[in-house]
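A structural walkthrough
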Amino acid sequence: MKKIAILGSSGSIGKQAIDVASKMKEDICVEALAAGSNVKVLKAQIKKFKPSAASVANDSDAKELKKWCVSNKIKTNVYSGQSGLEKLATMPKVDMVLATLVGSVGLKSIIAAIKAKKDVALANKESLVMAGDYIMKLAEENGVSVLPVDSEHSAIFQCCVGERKDRIRKIILTASGGPFYKYDGDFSKITVERALAHPSWKMGKKITIDSATLMNKGLEAIEASVLFGVPIDKVEILIHPQSIAHSMVEYVDGSVIAQLSKPDMRLPIQYALTRPERLKSNIKFLNLAEIGKLEFYKPDFNKFPCLKLAYWAAKKGRAFPAVMNASNEIAVKSFLDKKINFTDIAKIVEKTMKARKISKNTLSEDFFESDSWARTYARNLIEKEFKL
Ligand code: MG
């Protein structure tokens with residue numbers, strides 16, 4: 001029986017993890033649940049799993065939740081804020097932390113979990129982009145595993161089982177292409193509503209916009225490079241509109257190993273929780289004859305400049321990926337708020353990256369500082385130059 005803490009249980013991945021856990025009651029015990037401010041969803045989850053601890057973002061929600069637990073005769077300890085997250089991430093009873101929280105809040109709890117010698121199932125790609133080398137080194141020092149929950153990285157992980165890392169020729173990261181890979185019109189006219197209509201995955205708003213700009217794939221390329229210890233130029237991106245081959249690994253002998261399945265996030269979540277075991281799931285089986293054909297195309301880096309920015313950031317290394325990630329977050333938020341155009345997102349990220357001076361002495365450990373610098377810079381830039 002594996003005891004898990006889910007940080008971000010009310011989000012899209014968190015809810016699917018809850019769904020996976022509720023169907024695996026013999027193998028998985030939900031020991032702790034943290035949600036941001038969606039107390040209603042959290043209450044339903046607490047009712048279902050009766051975890052020993054729960055945490056919410058602010059104190060007033062925590063007070064209300066405590067009262068609710070008492071009146072429902074539920075013995076869950078309630079915490080709040082950053083300290084609450086870290087409490088849950090380091091609980092002695094917990095074997096594995098499923099980390100889905102975005103931003104520096106998420107990163108701090110991941111670091112706390114690794115230091116407490118917990119395996120971490122990582123659905124938060126931003127933290128690996130921000131502080132990948134540091135996280136992987138810390139995990140190695142503490143003898144714990146960092147397991148990917150992202151569908152592509154879970155695929156790569158599965159394609160690497162039993163293989164030697166130095167025999168990898170390249171990683172082929174597949175991308176659905178988002179809604180615009182075939183679009184030939186004016187990208188600056190793309191509306192929020194159109195960008196939010198993703199063809200194959202239903203996800204949170206930020207990641208859906210990242211999928212439309214292909215920044216999501218850029219972040220994933222960096223994530224793959226960090227997780228599997230291969231240089232960024234050995235990570236190739238291919239558009240694969242069917243979203244059936246979730247990624248592949250090519251070996252030096254010419255073999256390409258791929259992982260295929262229906263697109264369903266519950267599969268990578270379950271594999272992260274149960275590996276090396278494979279357990280039955282509720283996911284529909286693949287019918288390749290029905291699908292008929294699988295297509296692959298090279299992405300157009302000029303149409304999707306965010307891809308260029310991601311490879312550039314990865315090559316520059318140090319805290320540049322953190323700067324890229326933070327300015328992208330600010331730009332995406334502004335796009336969602338209809339303050340800037342779709343094409344401004346990449347422009348803002350590029351300008352912020354170019355403005356960042358990182359000396360040779362700057363360590364990649366300066367990610368928190370670089371992150372907050374980039375946020376402030378990008379916000380000012382939007383106010384001054386981009387606001388519609
Ligand atoms: Mg993905």
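Keep in mind that what you see is a predicted model, and the values were worked out from it rather than measured.

Rules behind the numbers
- Residues numbered from 1 in each chain as written.
- Predicted model: local features only at pLDDT ≥ 70, side-chain atom pairs only at ≥ 80, totals over all residues.
- Heavy atoms only, no water.
- Helix = DSSP H or I, 4+ residues; strand = E, 2+ residues; numbered from the N terminus.
- Buried < 20%, exposed > 50% of the residue type's maximum accessible area, 1.4 Å probe, protein only.
- Contact = heavy atoms within 4.5 Å.
- Areas by Shrake-Rupley, 256 points an atom, 1.4 Å probe, with all protein chains shown as cover.
- Lys, Arg positive; Asp, Glu negative; His and termini not counted.
- Charge placed at Lys NZ, Arg CZ, Asp CG, Glu CD.
- Salt bridge = Lys/Arg side-chain N within 4 Å of Asp/Glu carboxyl O.
- Phe/Tyr/Trp six-rings, centres within 6.5 Å; stacked < 30°, edge-to-face > 60°.
- Domains from an automatic or database assignment.
- Buried area = accessible area lost by both parts, 1.4 Å probe.
- Polar contact = N/O pair within 3.5 Å; in protein donor to acceptor, adjacent residues only side chain to side chain.

1. Section: the overall build of the protein
When helices and strands are counted, the protein shows 16 helices and 11 strands. Relative to its 388 residues, the protein shows a buried fraction of 54%. In the protein, of all internal contacts separated by at least 6 residues, the share reaching a separation of at least 24 is 70%. Just so you have it, the protein exposes about 17,500 Å², and 51% of that area is on carbon and sulfur atoms. A gap of 4 Å separates the mean positions of the 62 positive and 43 negative side-chain charges of the protein.

2. Quick notes on the pattern of salt bridges
All told, the structure shown has 27 salt bridges when counted by the stated rule. Glu 220 is paired through a salt bridge with Lys 217; the nearest N and O atoms lie 2.6 Å apart. Residue Glu 220 and its partner Lys 217 are located together in helix H10 (residues 215-228), separated by 3 residues, close to a single helical turn. Take Glu 220 and Lys 217: they sit in the same class, and that class is buried. Linking Arg 266 and Asp 264 is a salt bridge whose minimum nitrogen-to-oxygen distance equals 2.7 Å. Each member of the salt-bridge network shares a partner with another, and the members are Lys 125, Asp 150, Glu 152, Lys 217 and Glu 220.

3. Some words on the packing of aromatic side chains
Here a ring pair, both rings aromatic, is described through the centre-centre distance and the interplanar angle of the planes. Scanning the entire structure with this criterion turns up 13 aromatic pairs. Consider the rings of Tyr 183 and Phe 187, whose centres lie 5.3 Å apart with planes at 50°: the pair is tilted. Ring geometry for Phe 367 and Phe 368: centres 5.1 Å apart, planes at 65°, overall edge-to-face. Judged by relative accessible area, Phe 367 falls into the buried class, the value being 3%. The exposure class of Phe 368 is partly exposed, given its relative accessible area of 30%.

4. Some thoughts on the environment of Val 146
Within the secondary structure, Val 146 is located in strand E7 (residues 146-148). Residue classification places Val 146 among the buried residues on the basis of a relative accessible area of 10%. Residues Val 146 and Lys 15 lie 131 residues apart in sequence; the distance between their C-alpha atoms is 21 Å.

5. Topic: the domain arrangement of the protein
Parsing the protein into structural domains produces domain 1 (2-148), domain 2 (153-291) and domain 3 (318-386). Computed over C-alpha atoms, the centres of domain 1 and domain 2 are 24 Å apart. Facing the 26 residues of domain 1 at the interface are 27 residues of domain 2. Around 2,300 Å² of area is buried between domain 1 and domain 2 when both sides are counted, 70% of it from carbon and sulfur atoms. There are 3 salt bridges connecting domain 1 and domain 2. For Arg 266, the salt bridge goes to Asp 19, with nearest N and O atoms at 2.9 Å. There are 5 residue pairs in polar contact (both at pLDDT 80 or more) connecting domain 1 and domain 2. Of all the secondary-structure elements, those providing two or more residues to the side of domain 1 that touches domain 2 are strand E1 (2-7), helix H1 (12-22), strand E6 (119-122), helix H6 (125-142) and E7. Among the elements that line the side of domain 1 that touches domain 2, the one with the most residues is H6, at 7 residues.

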